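Results of the structural survey
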Amino acid sequence: MVAGRVEGTSATAVAEPSETVRRQRVFSGMQPSGTPTLGNYLGAIRNWVVQQDQYDNVFCVVDLHALSLPTDRDTLRANTLNLAAALLAAGIDPARSVLFAQSDVREHSELCWLLTSVTQFGELRRMTQFKDKSAGREDVSAALFVYPVLQAADIILYDADLVPVGDDQRQHVELTRDIAERFNRRYGQTFVVPKPDIKAEGARIMALDDPSQKMSKSSGRPMSYIALTDDADTIRRKMKRAVTDSGSEVRAVPDKPALVNLLTIYSLLTGEDVPTIEERYAGRGYGAFKTDLAEVVVATVTPIQARIAEYAADPGAVQAILADGADRARDQASRKMALVRDRIGLGAG
Ligand code: ATP
Ligand code: LTN
């Protein structure tokens, strides 16, 4: 069962349609494809953390998705545990949220296959993430192509109402809606149709070395991102080298995309609005602004890093949290799959 589903009920309660007070459920996932970045933090993790009390939360380290690009065994295992530790360190609380590794709940793979039958080839071919990640590659796996169907399975398996993600995932959540609606039309009401939860600010943090590209943990260009685990000197160096626009005024205007990005980061991390920050740096140039921004970032990541270090010293604790999360997730997922199998008419009945 997934804790906190219904306000005021015990931890053993399971949501039933008849229950009147139903908290909205959130589901979101992150790939263990590297160390989470400031983009992951501002676009996703931070929102998951602050909204924890409002919703019934399920968060997933999507290791099956990470197989869509070449990966090796030891890296995958380490990345899975490190990402889980980073999420816990950033404030995901196992008492209020279910946190688990995707492959520990086999129902995700099973539902993915079933949903491929209500997904069209043409829909998948139109996904921009597939086009971006497959461009110029010879060795494109079928997993990369089917990736959004697995994502749809993740979400609708838990009857999620809301999917808090960065802007790059909007298209995948829209496809999830289409898949859920199609399944419901064909087989009868089975799945909740989820909505994307994408914030107006921070949903698309751009690369430090190129403000036309999304900051990404798997870009292969360390200067393009700040990892949550970067030390203070690395952060200062990366900020110093971050590209800026022509001119010297610290202003968030359309012809200064690099400054828009840096001001967005500053504003989200301090809670100050952009005009206040622009005023503070008026006439002082980019250097002073970037120096201070580096310190703002350092102040954000330092306490997270201290907690990551505690988890690193006790990997068994992270594994225990993931195992407990998988048990709770599986309980819900297996019940849903029994219904799905029956709706489709699979097996001997
Ligand atoms: P990869 O580089 O492996 O594709 P990624 O860094 O893009 O990974 P994901 O694991 O695919 O990250 O995404 C996890 C969450 O972080 C998603 O909700 C995604 O939208 C969000 N996210 C990723 N990058 C950014 C960014 N630059 N700005 C805001 N949100 C982001
Ligand atoms: N594709 C997502 C990761 C992801 C996800 C999910 C996000 C996998 N399953 C379910 C939200 C809900 C990405 O961020 N690249």
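Report on the accompanying structure. (Residues numbered from 1 in each chain as written. Chains lettered and ligands numbered in written order. Predicted model: local features only at pLDDT ≥ 70, side-chain atom pairs only at ≥ 80, totals over all residues. Heavy atoms only, no water.)

1. A closer look at the site of ligand 2
- Taken together, 14 residues are adjacent to ligand 2, and His65, Tyr147, Gln151, Asp154 and Gln169 come closest.
- At 2.7 Å from a nitrogen atom of ligand 2 is found a side-chain nitrogen or oxygen belonging to tyrosine 147.
- Within the complex, 92% of the 370 Å² of free accessible area of ligand 2 lies under protein.
- Most atoms of ligand 2, that is more than half of them, are within 2 Å of grid points of the largest pocket.
- The set of elements that each furnish at least two residues to the shell around ligand 2 consists of strand S1 (25-30) and helix H7 (142-157).
- Ranked by residues supplied to the shell around ligand 2, first place goes to H7 with 4 residues.
- Partitioned by chemical class, the residues of the shell around ligand 2 number 6 nonpolar, 7 polar and 1 charged. (Near = heavy atom within 4 Å. Polar contact = N/O pair within 3.5 Å; in protein donor to acceptor, adjacent residues only side chain to side chain. Areas by Shrake-Rupley, 256 points an atom, 1.4 Å probe, with all protein chains shown as cover. 1 Å grid on protein atoms, 1.4 Å probe; cavity = no way out; pocket = protein on both sides within 12 Å on 5 of 7 lines; lining within 4 Å. Sits in = over half its atoms within 2 Å of the grid points. Helix = DSSP H or I, 4+ residues; strand = E, 2+ residues; numbered from the N terminus. Nonpolar A, V, L, I, M, F, W, Y, C, P; charged D, E, K, R; others polar.)

2. A word on the pairing of strand S3 (residues 97-101)
- Here S3 lies mainly inside the structure; 5 of its 5 residues are buried.
- Neither face of S3 is open: one carries Ser97, Leu99 and Ala101, the other Val98 and Phe100, and all of them are buried. (Buried < 20%, exposed > 50% of the residue type's maximum accessible area, 1.4 Å probe, protein only.)

3. Side note on helix H9 (residues 232-241)
- Among all positions of H9, only Thr234, Ile235, Lys238 and Met239 are buried. Along the long axis of H9, the arc covered by the buried residues comes to 130°, so they all point the same way. Summarising the geometry of H9, the exposed residues directed more than 90 degrees from the buried face are Asp233, Lys240 and Arg241.
- Check the buried side of H9 and you find it contacts helix H10 (257-270) and helix H12 (285-312). (Arc of directions from axis to C-beta. Contact = heavy atoms within 4.5 Å.)

4. Overview of the site of ligand 1
- In the vicinity of ligand 1 lie 21 residues, with Lys133, Asp168, Lys214, Ser216 and Ser218 positioned nearest.
- Within the side chain of lysine 214, an N or O atom sits 2.3 Å from an oxygen atom of ligand 1.
- Its free accessible area being 600 Å², ligand 1 has 97% of it covered by the protein chains.
- Because more than half of its atoms lie within 2 Å of the grid, ligand 1 is assigned to the largest pocket.

5. A look at the pattern of salt bridges
- What the rule picks out here adds up to 22 salt bridges.
- Linking arginine 221 and aspartate 209 is a salt bridge whose minimum nitrogen-to-oxygen distance equals 2.7 Å. Of this pair, arginine 221 sits in the loop between strand S7 (210-214) and H9 while aspartate 209 sits in the loop between strand S6 (206-207) and S7, placing them 12 residues apart in sequence.
- On the basis of relative accessibility, which here comes to 29%, the residue arginine 221 falls in the partly exposed class.
- A residue is classified by how much of its surface remains accessible, and aspartate 209, at 29% relative accessible area, is partly exposed. (Salt bridge = Lys/Arg side-chain N within 4 Å of Asp/Glu carboxyl O.)

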